[in-house]
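Each chain, letter by letter, is given below.
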Amino acid sequence: MIRLRPRRIRVVCWVSAAVLVVLFALIATSLTGPTGNGYGTFQRGDQAAMIGLGLLFALGILLFTRPRVEADARGVRVRNVIGSYELPWEVVRGVRFDRGAPWAALELHDDDLLPVVALQAADKQLAVDGVRALRRLHQAHLAALAEGAPGR
């Protein structure tokens, strides 16, 4: 069984989320006094709302840490930013990582391509090793099918 997650994007997202929360907290503390030429003034609720917005935006950024791929002899499970897929190896034609592509993809027998965002080009060797591991599992499944095929 292999489990793979992107490395670089997770670091970038966690740092960005922390910076965003701190930035919105600093903005919230600066919201004092009048709102401008009008009669309104900033209240504690405005400051809390600004911090809440920072937290919401940070959570949105952390969605990009969600991608993962798990594979074993039975099949592959892909979790992207939005959506998850569980596929048996029978529906997978191959594992692709085209030159210049931002991430790997599973080529399916119905000519669809399923992106595997967990294997990103930004991770360089980690992504290459992950694609090779997926290909080995897929080839092992194909070999097991060939051995068990009747009439051979």
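Quick caveat, the model's predicted, so the values are computed rather than measured. (Residues numbered from 1 in each chain as written. Predicted model: local features only at pLDDT ≥ 70, side-chain atom pairs only at ≥ 80, totals over all residues. Heavy atoms only, no water.)

Explain the overall build of the protein chain to me, please; I cannot follow it from the model alone.
Counting its secondary structure elements, the protein chain contains 3 helices and 7 strands. When the helices and strands of the protein chain are placed in sequence order, the string is β-α-α-β-β-β-β-β-β-α. The globule rule puts the C-alpha radius of gyration for 152 residues at 15 Å, and the 23 Å found for the protein chain is more than 25% above it. Along the first, second and third principal axes, the C-alpha set of the protein chain runs to 85 × 25 × 25 Å. Looking at the 152 residues of the protein chain, the share that counts as buried comes to 32%. A sequence separation of at least 24 residues applies to 47% of the contacts in the protein chain between residues at least 6 apart. Accessible surface computed for the protein chain: about 9700 Å², of which carbon and sulfur atoms make up 61%. Each charge class in the protein chain can be summarised by its mean position, and for the 19 positive and 13 negative side chains these summaries are 8 Å apart. (Helix = DSSP H or I, 4+ residues; strand = E, 2+ residues; numbered from the N terminus. Rg over C-alpha atoms; globule rule 2.2 N^0.38 Å. Buried < 20%, exposed > 50% of the residue type's maximum accessible area, 1.4 Å probe, protein only. Contact = heavy atoms within 4.5 Å. Areas by Shrake-Rupley, 256 points an atom, 1.4 Å probe, with all protein chains shown as cover. Lys, Arg positive; Asp, Glu negative; His and termini not counted. Charge placed at Lys NZ, Arg CZ, Asp CG, Glu CD.)

How should I be thinking about the nonpolar core in this particular structure?
One broad rule of soluble globular proteins: the nonpolar side chains tend to lie buried together. Among the nonpolar cores identified, the biggest contains 21 residues, and Val69, Val76, Leu106, Leu119 and Leu134 are the most heavily contacted of them. Counting only elements with at least two residues in this core, the list comes to β1 (2-4), β2 (68-71), β3 (75-79), β5 (92-96), β6 (103-108), β7 (113-120) and α3 (125-148). Contact partners of Leu134, with chain neighbours within four places excluded, come to Ile2, Val69, Ala71, Val76, Trp89, Val95 and Leu119. (Core = buried A, V, L, I, M, F, W, Y, C linked by side-chain atoms within 4.5 Å.)

I tried to follow the packing of aromatic side chains on my own but got confused; where do I start?
Here the distance between the centres and the angle between the planes together describe a pair of aromatic rings. As enumerated under the stated definition, the model contains 1 aromatic pair in all. Between Phe24 and Phe57, the aromatic rings sit 5.6 Å apart at their centres with planes inclined by 65°, giving edge-to-face as the arrangement. Note that Phe24 is positioned in helix α1 (residues 8-30) and Phe57 in helix α2 (residues 44-62), a separation of 33 residues in sequence. You can call Phe24 buried: its relative accessible area is 13%. Owing to a relative accessible area of 46%, Phe57 belongs among the partly exposed residues under this scheme. (Phe/Tyr/Trp six-rings, centres within 6.5 Å; stacked < 30°, edge-to-face > 60°.)

What is the right way to look at the sheet that holds β5 in this model?
Reading across the sheet, the 3 strands line up as β5-β6-β7 and stay open at both edges, with antiparallel pairing between neighbours. The open sheet has two edge strands, β5 and β7, and neither has a second partner. Taken pair by pair, the neighbouring strands of this sheet meet at an average axis angle of 25°, ignoring direction. With 5 bridges connecting them, β6 and β7 associate as antiparallel partners. Bridge pairing in β7 links Trp103 to Gln120. (Pairing = 2+ DSSP bridges. Axes fitted to C-alpha atoms, helices over the stretch in contact; angles between N-to-C directions.)

What am I meant to see in the pattern of salt bridges here?
As a working rule, side chains carrying opposite charge can pair if their charged atoms are close by. Overall, the coordinates contain 7 salt bridges when judged by the stated rule. Between Arg3 and Glu70 there is a salt bridge, with its nearest N and O atoms 3.2 Å apart. Here Arg3 is found in strand β1, whereas its partner Glu70 is found in strand β2, with 67 residues between them in sequence. With relative accessibility at 16%, the residue Glu70 sits in the buried group. Salt-bridge contacts for Asp72 lead to Arg74; the nearest nitrogen and oxygen are separated by 3.2 Å. (Salt bridge = Lys/Arg side-chain N within 4 Å of Asp/Glu carboxyl O.)

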